[in-house]
Amino acid sequence: METDTIAAISTPSGEGAIAIVRLSGDEALDIADHVYKGKKSLHDVVTHTIHYGHIIDPADGSVIEESMISVLRAPKTFTREDIVEINCHGGLVSVNRVLDNVLSQGARLAEPGEFTKRAFLNGRIDLTQAEGVMDLIRAKTDRAMQSALKQVEGRLSERIRKLRQKLLETVANVEVNIDYPEFDADVVTTNVLKENVAFVGEEIDQLLVTARQGKIMREGLGTAIIGRPNVGKSSLMNNLVHENKAIVTEVPGTTRDVLEEYVNVRGVPLRLIDTAGIRETEDIVEKIGVERSRQVLQEAELILLVINSAEPLSDEDRALFQAVQGMNVIVIMNKTDLPKQVDEEELREYTSGRPIIAASFLNDEGIDSLEEAIAHLFFDEGVEAADMNYLSNARHIGLLNQAKRSVNDALEAVEMGVPVDMVQIDITRAWEQLGEIVGENVHDGLIDQLFAQFCLGK
Ligand code: GDP
Ligand code: ZN
């Protein structure tokens, strides 16, 4: 077991007024006490309490930071080790100095995800929960946060465990049949087999349906605003961004950093694609047909197509409708403050029953209806299943697909009259694959890889 004491800044850099230096391990209290000056030694305080004091440089006794220190003794902690959290409210510089100080006193800088890894290794959380923490760290909107939280609470694990239990029972049933052939329970077993395995298959399907949504929760629904020049794309952009909390992230690895903008529309995280293009060049439509624009469309999971209601539909508009056929499109008829010129009949031919949003971005009108339409599309049109966990992880999805395949193999075998003890192999495989999702069958390499993805300090 790893028992050395690790430390890291466990709050995102540059965010928030408070930064926390977190220590975990046998020496956590000792090390913290060396750099802490308060009323009492940290050794003498009650566990799970918080204390005011100063962080000092033990070399010369100078004060680095005024702080609140939480003392959390094992085992009732996140890592099940002694934990000390030093809350600093100064800037990055002083936080880093506090960290340097505890490192100089014998703590080791934590690897990314190491706190969570310890929690996992010490049996505090299972792998699904650990991954939930990872998503929590990355969660970009409130709803994504909630979904990540749910996962932390182990609800997905619970579902998966139930499925495994079912498979286990099924296998046991088969074993009985093999061990006590005098029961001649062949028919019963086959029926139970079929029933159970089919049930597990359906459950896996349900989990897979939510997987897509989970991905969206983490990454945002790729959204493209398109329309010919001057219809109001930028106005829509600005409206969306200003009315909602926008999070701008830089996408690394591009020559010129592309800006992605996230807006949280009634709980749906939209990742606005190529907004820089809209903002800077104003002519994304003129470039339709250009490789890049095509890519934007391909990447998009939601298209907001803006037209100008004060002008008749043009061939350019029609070409756009053509280009987005079969995609999730919301049509916005902008500039309704001006006399209407557009032929709504014709427009409806292109929108396959979906409502057309009338808007006047100039007057801030129509944004509400648009947001409602987006939320409706996402939450009501089959994407969300109520009270269901989001499967928000590619590894989970992969394993679920594998398990589903094993289950299908088992079903097929039963139907073909293959001896049950052969079917058992497929069932056992499905059981193992589901086990990997909750970390009950994992080997070290996989664990290391997973935890290395965590942010530092978690
Ligand atoms: P884009 O080229 O599609 O990005 O369009 P913009 O958002 O830049 O808008 C083009 C012009 O139309 C600007 O002068 C806007 O002020 C104007 N505009 C945008 N929305 C409306 C609207 O609802 N009504 C009117 N009358 N003008 C609008
Ligand atoms: Zn514009």
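Since this is a predicted model, take the numbers as computed values, not measurements.

Draft legend 1. Looking closely at the overall build of the chain. Of the regular secondary structure elements, the chain holds 16 helices and 14 strands. Looking at the 458 residues of the chain, the share that counts as buried comes to 50%. The long-range share in the chain, meaning contacts at least 24 apart out of those at least 6 apart in sequence, stands at 69%.

Draft legend 2. Molecular detail of the pairing of strand β2 (residues 19-24). For β2, the buried fraction is high: 6 of the 6 residues fall into the buried class. Residues A19, V21 and L23 of β2 are buried on one face, and the alternating residues I20, R22 and S24, pointing to the opposite face, are buried as well. Taken together, the 4 bridges between strand β1 (residues 6-9) and β2 define a ladder with antiparallel strand orientation. Bridge assignment links A8 to a residue of β2, and that residue is R22. Where β2 and strand β6 (residues 83-88) come together, 6 bridges link them in antiparallel fashion. Directly across from R22, in β6, lies its bridge partner E85.

Draft legend 3. Quick peek at the site of ligand 1. Taken together, the neighbourhood of ligand 1 is formed by 16 residues, with N230, K233, S234, S235 and D337 sitting nearest. Here an oxygen atom of ligand 1 and a backbone polar atom of V231 are 3.3 Å apart. At a separation of 3.1 Å, an oxygen atom of ligand 1 approaches a polar side-chain atom of N334. The fraction of the free accessible surface of ligand 1 (580 Å²) that becomes covered by protein chains is 78%. With 3 residues, helix α8 (residues 233-243) is the single largest residue contributor to the shell around ligand 1. Broken down by class, the residue content of the shell around ligand 1 amounts to 5 nonpolar, 6 polar and 5 charged.

Draft legend 4. Structural detail: unusual backbone geometry. Put simply, A74 and P75 share a cis peptide bond, and its omega is 5 degrees. Despite not being glycine, H48 has its phi angle at roughly 60 degrees, a positive value. Of note, H48 is situated in the loop between β3 (36-38) and β4 (49-56).

Draft legend 5. Structural context of the nonpolar core. Ranked by internal contacts, the top residues of the largest apolar core, which has 27 residues, are L193, I204, I427 and L434. Contributing elements (two or more residues each) for this core: α6 (155-179), α7 (186-219), α14 (394-415) and α15 (420-437). Looking at this core, the element that brings in the most residues is α14, giving 8 residues. In contact with I204, not counting residues within four places along its chain, are L163, L400, A403, K404, V407 and L434. Listed in part, the 26 residues of the second largest apolar core include L240, I357, F361 and A373.

Draft legend 6. Fine view of the pattern of salt bridges. Throughout the structure, instances matching the rule amount to 15 salt bridges. Between R118 and D4 there is a salt bridge, with the nearest N and O atoms lying 2.8 Å from each other. Separated by 114 residues along the polypeptide, R118 in helix α3 (residues 114-121) and D4 in the segment before β1 bring together distant segments of the chain. Here E85 and R22 are joined by a salt bridge, their closest N and O atoms 3.1 Å apart. With E85 in strand β6 and R22 in strand β2, the pair connects residues that are 63 residues apart, well separated along the chain. Taking relative accessible area as the criterion, E85 reaches 16% and is therefore assigned buried. Judged by its relative accessible area of 15%, R22 is buried.

Draft legend 7. Main features of helix α11 (residues 315-323). Among the residues making up α11, those that are buried are D317, L320 and F321. Viewed along the axis of α11, the buried residues span an arc of 100 degrees, placing them on a single side of the element. Residues of α11 that are exposed and point over 90 degrees away from its buried face: D315 and Q322.

Draft legend 8. Representation of the UniProt feature "binding site: Mg(2+)" (unreviewed entry) in the chain. Mapped onto the present numbering, the UniProt feature "binding site: Mg(2+)" (unreviewed entry) falls at S234 and T255. As for its position among the elements, S234 is in helix α8.

Draft legend 9. Focus on the environment of S104. With respect to the element layout, S104 can be found in helix α2 (residues 92-104). Given a relative accessible area of 52%, S104 falls into the exposed group. Separated by 46 residues in sequence, S104 and P58 have C-alpha atoms that sit 9.5 Å apart.

Draft legend 10. Spotlight on the side chain of E85. Engagement of the side chain of E85 in a polar contact is seen with the side chain of R22, the distance being 3.1 Å. Discounting chain neighbours no more than four positions away, the residues touching E85 are I20, V21, R22, M68, I69, S70 and L72.

Draft legend 11. Local environment of the pairing of β6. Counting buried residues in β6 gives 6 out of 6 residues, a clear majority hidden from the surface. Examined bridge by bridge, strand β5 (residues 63-72) and β6 share 6 bridges and lie antiparallel to one another. Within β6, the residue paired with S70 across the bridge is E85.

Draft legend 12. Focus on the packing of aromatic side chains. What the rule picks out here adds up to 1 aromatic pair. On the basis of an interplanar angle of 15 degrees and a centroid distance of 4.6 Å, the ring pair of F321 and Y350 is categorised as stacked. Of the two residues, F321 is situated in helix α11 and Y350 in helix α12 (residues 344-350); the sequence distance between them amounts to 29 residues. For F321, a relative accessible area of 5% translates into the label buried. Residue classification places Y350 among the partly exposed positions, given a relative accessible area of 29%.

Here is what the cut-offs are and how they apply
- Residues numbered from 1 in each chain as written.
- Chains lettered and ligands numbered in written order.
- Predicted model: local features only at pLDDT ≥ 70, side-chain atom pairs only at ≥ 80, totals over all residues.
- Heavy atoms only, no water.
- Helix = DSSP H or I, 4+ residues; strand = E, 2+ residues; numbered from the N terminus.
- Buried < 20%, exposed > 50% of the residue type's maximum accessible area, 1.4 Å probe, protein only.
- Contact = heavy atoms within 4.5 Å.
- Pairing = 2+ DSSP bridges.
- Near = heavy atom within 4 Å.
- Polar contact = N/O pair within 3.5 Å; in protein donor to acceptor, adjacent residues only side chain to side chain.
- Areas by Shrake-Rupley, 256 points an atom, 1.4 Å probe, with all protein chains shown as cover.
- Nonpolar A, V, L, I, M, F, W, Y, C, P; charged D, E, K, R; others polar.
- Core = buried A, V, L, I, M, F, W, Y, C linked by side-chain atoms within 4.5 Å.
- Salt bridge = Lys/Arg side-chain N within 4 Å of Asp/Glu carboxyl O.
- Arc of directions from axis to C-beta.
- UniProt positions renumbered as here; feature names shortened; annotations may be inferred.
- Phe/Tyr/Trp six-rings, centres within 6.5 Å; stacked < 30°, edge-to-face > 60°.

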